[in-house]
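Observations on chain architecture
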Amino acid sequence: MTNTPLPFLPFTKPTIDEETIAAVGEVLRSGWITTGPQCAALEKTLSNYFGGRPVRCFANGTATMEIALRIAGIGPGDEVITTPISWVSTSNVILTVGAKPVFVDVDPHTRNINLQLIEQAITPATKAIMPVYLAGLPVDLDALYAIADKHQLRVIEDAAQALGSSWQGNLIGTNQNTRSDLVSFSFQANKNITSIEGGCLVMNTEEEAILASKYRLQGVTRTGLDGMEVDVLGGKHNLTDVNAVIGLHQFAKLDDFTAQRKVLAQHYFDCFAKTSLATMGLQLPIADFTNSNWHMFQVVLPIEALEARQSHRADIMQKMKDQQIGCGLHYPIITQFALYRELGYDPQATPQAVRVGKSIVTLPLFAQMTHADVERVVTSLENAMRSALGHA
Ligand SMILES: *Cc1c(COP(=O)(O)O)cnc(C)c1O
């Protein structure tokens, strides 16, 4: 028996097939490489997927969310309610348009914004709610939109991680049987499907889509062969056809990828059930196989028990890394960042988010992983926890 070390297992990895690589070559040879027919085709495909709603694609999910805020007319003097446990992009775009992020604490089980705490954060300046579907698990959309409608607020769903997720049988981004306002997705390399970088916004009306196109490219409207007008300040946020063709090929695999993720997530639960990690205080994600697209499999460590033994999350991550397993960190609490502290935010105002932010760990989960990989991760985490907590 040889003792070859097992290869490094990253927490995520995109699946790109040869057809996609060939399609990129075709676009590069076609003579049209920036935004053109491939981007239009991706928008049409996505629009069909979202039940015919208008869709525009952008250079990344951050630009998508910023433009969603602009379409909703949000700017200086306005407040937007959001979660402190997200990629910092979520609240950065609120600052970028000149508005104020108002952070509401998270639910410790879903790790998403706690809907029951939203109403007490609403002021006369509140214009919108921006929930985040962490790891692809949506919030209760009925409850969310009941609050939004009662207070006449816009909703910008940061569904960057939730392509293919649904709420009670309705895909996130559709609005036939459920309320939905502006919904933003990301196709960044780590998401369930990727265009390397990219994003799309699902809107309500053609008027919003026209505005989205203007904000995407310098505010320009073209008419006829030589007509050009600029009536809003737009930026440079278009998605290239090279990126779009990757997105099209990836989209064709979305259902397969989601199905593979679900099988692997279920295997995680089966493997965890055979360990003593629960008695050590490890908190698993909610086992939602109806709504979630299983963008990530995240555990929350028993941080008090670790700290009592002068141990921390980084020790667990290091022990796993020593066993060739890469963990991710999604996310530290936003209000702990210097920029946000200098703006006057106090992390202690959202205690559940403080705890989640310092004890959450993302375990490897991606479509090509094997059952043996899952078993390796669970064994490695169990060993790391035993040694950190001094269990035999
Ligand atoms: C990825 C992500 C974004 C930003 O998307 P980019 O395409 O990287 O700009 C925003 N919010 C969340 C929750 C994300 O996961």
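About the thresholds
Residues numbered from 1 in each chain as written. Predicted model: local features only at pLDDT ≥ 70, side-chain atom pairs only at ≥ 80, totals over all residues. Heavy atoms only, no water. UniProt positions renumbered as here; feature names shortened; annotations may be inferred. Helix = DSSP H or I, 4+ residues; strand = E, 2+ residues; numbered from the N terminus. Axes fitted to C-alpha atoms, helices over the stretch in contact; angles between N-to-C directions. Parallel < 35°, antiparallel > 145°, perpendicular 65-115°, else oblique. Left-handed = near helix turned anticlockwise from the far one by under 90°. Contact = heavy atoms within 4.5 Å. Pairing = 2+ DSSP bridges.

The protein chain has the name dTDP-4-amino-4,6-dideoxygalactose transaminase in an unreviewed UniProt entry, where Polynucleobacter kasalickyi is given as its organism. In the Sequence similarities (unreviewed entry) part of its UniProt record, the protein chain is described as follows: "Belongs to the DegT/DnrJ/EryC1 family."

A short note on the UniProt feature "modified residue: N6-(pyridoxal phosphate)lysine" (unreviewed entry) in the protein chain
Here the UniProt-annotated "modified residue: N6-(pyridoxal phosphate)lysine" (unreviewed entry) positions come out as Lys191. Along the chain, lysine 191 falls in the loop between β8 (182-186) and β9 (199-202).

As for the packing of helix α8 (residues 254-273) against helix α13 (residues 371-389)
Relative orientation of the contacting elements α8 and α13 amounts to 40 degrees, with a least axis distance of 9 Å. It follows from the interaxial angle that α8 and α13 lie oblique. Two packed elements cross with a definite hand, and for α8 against α13 that hand is right-handed. Where α8 abuts α13, its residues Val263, Leu264, His267, Tyr268, Cys271 and Phe272 lie against His371, Val374, Glu375, Val377, Val378 and Leu381.

Digging into the sheet that holds strand β2 (residues 79-82)
On the basis of which strands lie adjacent, the open sheet formed by seven strands has the order β1-β9-β8-β5-β4-β2-β3 and mixed pairing. The open sheet has two edge strands with one neighbour each: β1 (55-58) and β3 (100-103). Across the sheet, the mean angle from the axis of one strand to that of its neighbour is 25 degrees, orientation sign disregarded. One ladder, built from four bridges, connects β1 with β9; its direction is antiparallel. Within β9, the position partnered with cysteine 57 by the bridge is cysteine 200. Contacting β2, β3, β4 (126-130) and β5 (154-158), helix α4 (residues 89-96) crosses the sheet at an angle of about 145 degrees to β3.

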